Amino acid sequence: MPGRDVPPIAGRETVEREVQEARRLSRHAGPKAGAAWRRALLVIAMLACLRPRDAVAQAGNTAEAALVRALDLEGDNKCREAIPLFRQAVQVPDPTGAILGLERCYSIVGRPDSILALLDTLLVQKPGDPTLRTVQLRTLSTVRRDADLAAAFQAWIAVAPAEATPWRVYAQLMLDNGRAMAADSILRGAAVALGNTRALASEFAQMQAALGLWVPSARSWRSAAESLSYLEQAAVFSLMPVPVTARDSIRDVFTAAPATLGARRILAGLELRWHAPRDAWRVLSELPVTDSTVAAWIVFGGEAESEQSWLTARDAYARAAAARPNDRKLALRAASAAMTGGDPRSALDLLAPLAPVTDPAVSASALLLQVQALGALGRPQAAESVLTARGQGLDAPTSKLAQRAMAWAWIRGGDLARANAALDSAGRETDEGERVAAWIALYQGDLATARRGLRRTDEPSNDVVTAMALLSRTRADSSPAVGRAFLTLARGDTAIAAREFEQVAGTLSDAAPFLTGVAARLFLATQDTARAIDLWRDLLQRQEQAPEAAEADLAWARVLRVRGDSAGAVRHLEHLILTWSQSALVPQARRELDILRGAIPPSAAAAAWSDERRRTVAADAA
C-alpha cells in the first residue's frame, strides 16, 4: 500500500471546527459539489488528528494502523470494509477521526443509527466530549428521533452548562432541517443560560435570515464576521435571497461607519450575486489602500472573472497593480480582463508601462496582448510593427500565438490575403489554426470549408453561435455576400453589417428567416428600432413557421414595454404563447406577462426587467 503523508496531531477543538466549517460550506455548494467538498474537507479534518505514518509503524499501534487503513478503504469507496476498522480505531487516544469516519460510512451504507450504541458506551467514559456529543445529535436528527434528540441535548448541557457549543450544534441542526422557529427558541434559551449571545452570533444570523428578518440578520453577520473572518462567505450565502425591496437596508448595514474590510467584502460578494458588479467594486474601491485591501481587490478580481464581469475585474486588478507597481502580473491580468471584456483601448493603456520590462514571461504575454488589442481596434499595421520590433525573442509556441493574433488583426482590417499569410506562418495544423482558417473561409464566402472547421469548435461566443446556426440552416456551399456580411460584423461596422445581412436574406432563401432575424438584432443594437420593427413585422407576416418569428414577437414586445405600450407588449406575448406553445421562448414570454400584469411586485419586476434588459443590451453589443 503506498505511503501517505499525514500532518502532525491537532487539537480536538481544531478538528471539530474544521469539520463544522466543511459542513457549512457543503450546504451552499449545490448537491454535487456539496458532496465532494464534504468528503474532501472532512477527510482533511480527520487526517489532522493523525500522527505521521512512520510513527504508526514505529509504535506498532494496531488501532492507529487500522485508522489509516480505514481511511484508505473509504477513499476507495469501500465503506462496508472500512467500518470494522474504524470501530477498531476507536481505541486510539483521540478517537475523533474514527468516530467521524464511522458516522460518514454508516450514513453511506444506509445505517446511520448503527453508531448510536457505540456513542452511548463512549459517552459513559467521556461525557463532555464535544465530538461524541455532536455526532450523537447529528445522527439522532438524521433518523428523526426528535424526543431522543432533545434528551441528548439536555444531557449535554447538563455536563457543559457554561459552554456555547451544545446550543450552537442543536440550533444549527434545527436550521438545517428548516425549523427556524425552533432554532429561535433554542438560541433565546442560550442567551438566558449563557448570559450573552456573542459566541452564537452566526447562528443568530442564520436563524434571522431563515425567518426573513433580513436587517437583523445582516447586523448579526457583520458582528460575527468582525471576529471570525471565515464567516464572510457564509454571510453572503445566507443573505443572497434578500428581496429587492430590502436590499438598500442591507447595504446601509454593511456601509455604516466604521468602514471595515470584512463588512465591505460581504457587501461586495452580495452585489456580485445580485448582478450588480459595478456596485460591488465601488464598495471595495472606497477603502483606503492597505496590504489587506489590495489583497481583497485581487481576490475580488477573480470573483468578478468567475461571474464574467470582465471590466469590473479589470478595474480591480488595475487598482491593485497601481498599489503594487512591482507586481507586473497584476497589470497583465487587468489587460487580459479588459480584452475579454471587449475594451482593447484600456488594455493598451494598461500594457504601456510593461513595454520595457525584461522578464521574458511578462514581456511575451504583454506583447501578445498588445498585438491582440491593436488587432481588435482594426490597426493591423501597428500590430505588425510591434511584433517586428519586439518579437525576436519569442519562443516558438508564443511566436505562433502572436502570428495567429496577427491573422485576426488582418481579418479585422479587412485584408484576408495577409490574414492567410499570417496563419501560414503560425501553422494550420493545430485546433486553433483550423478554427482561424474556418473563419477566414467563412469571410471569403466558402461555406463548405467553414462548416467543416467550425463544427469542431467549442467556443461559446455569439459570433460562433450565429455562424454555426447559419451554416446549419443553409445547404449552400458558397455565398460571397454572406462572407462579406460576417466580415463587416467582425470589423465592428454593426450598422453596415445589419444592412448587408438584410440584403443577403433575399439571395439565400433557405436561411432567409435566420438572416432577417440577425439583421433585426443588429439594427436594434444600433438604435435603429424602426427598421428592426419592420423586419420583425415581415417575419411575423411572411415567415410565421420559422423559429425567428417567435423571437420577433418577444423582441417587439420588449421594445413596446420599454416605450410604455403595455397593451401592445401583452398582445405580442400572448400571440407568441398561443402560436408557438412549444417554443423555448415561451417561459420568457410568460415571465414578461407576469411583470406586465403585476404578478411580480413592481420593484421586483423593475429589477427583473433591468437585469433582462442589461443582458439583452450586452448580448446585442457583443
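The notes below deal with the structure included here. (Residues numbered from 1 in each chain as written. Predicted model: local features only at pLDDT ≥ 70, side-chain atom pairs only at ≥ 80, totals over all residues. Heavy atoms only, no water.)

Comments concerning the pattern of salt bridges
A full pass over the atoms with the stated rule returns 23 salt bridges. Where D146 meets R179, a salt bridge forms, and the shortest distance between an N and an O atom there is 3.9 Å. Here R179 lies in the loop between α10 (165-176) and α11 (180-194) and D146 lies in helix α9 (residues 146-159), a separation of 33 residues in the sequence. The class for D146 is partly exposed, based on a relative accessible area of 44%. Overall, the relative accessible area of 37% leaves R179 in the partly exposed class. With a shortest N-O distance of 2.8 Å, D248 and R251 are connected by a salt bridge. Of this pair, D248 and R251 both sit in helix α15 (residues 247-255), separated by three residues, roughly a single helical turn. Each member of the salt-bridge network shares a partner with another, and the members are R278, R314, D315 and D343. (Salt bridge = Lys/Arg side-chain N within 4 Å of Asp/Glu carboxyl O. Helix = DSSP H or I, 4+ residues; strand = E, 2+ residues; numbered from the N terminus. Buried < 20%, exposed > 50% of the residue type's maximum accessible area, 1.4 Å probe, protein only.)

Let's talk about the environment of G393
Considering the arrangement of structural elements, one finds G393 in the loop between α23 (380-390) and α24 (396-412). Residue classification places G393 among the exposed positions, given a relative accessible area of 74%. In this structure, the C-alpha to C-alpha distance between G393 and S363, residues 30 residues apart in sequence, is 9.6 Å.

Re helix α32 (residues 529-542)
The terminal C-alpha atoms of α32, which comprises 14 residues, lie 20 Å apart, in line with the 20 Å expected from a rise of 1.5 Å per residue. Three or more residues of α32 are buried, namely T529, A532, I533, L535, W536, L539 and L540. One side of α32 carries all its buried residues, which in axial view fall inside an arc of 165 degrees. With respect to the buried face of α32, the exposed residues turned more than 90 degrees away are A530, Q541 and R542. (Expected span 1.5 Å × (residues − 1). Arc of directions from axis to C-beta.)

Observations regarding helix α5 (residues 79-89)
Every buried residue of α5 is listed here: C79, A82, I83, L85, F86 and A89. Buried-residue contacts for α5 involve α4 (62-75) and α6 (96-108). (Contact = heavy atoms within 4.5 Å.)

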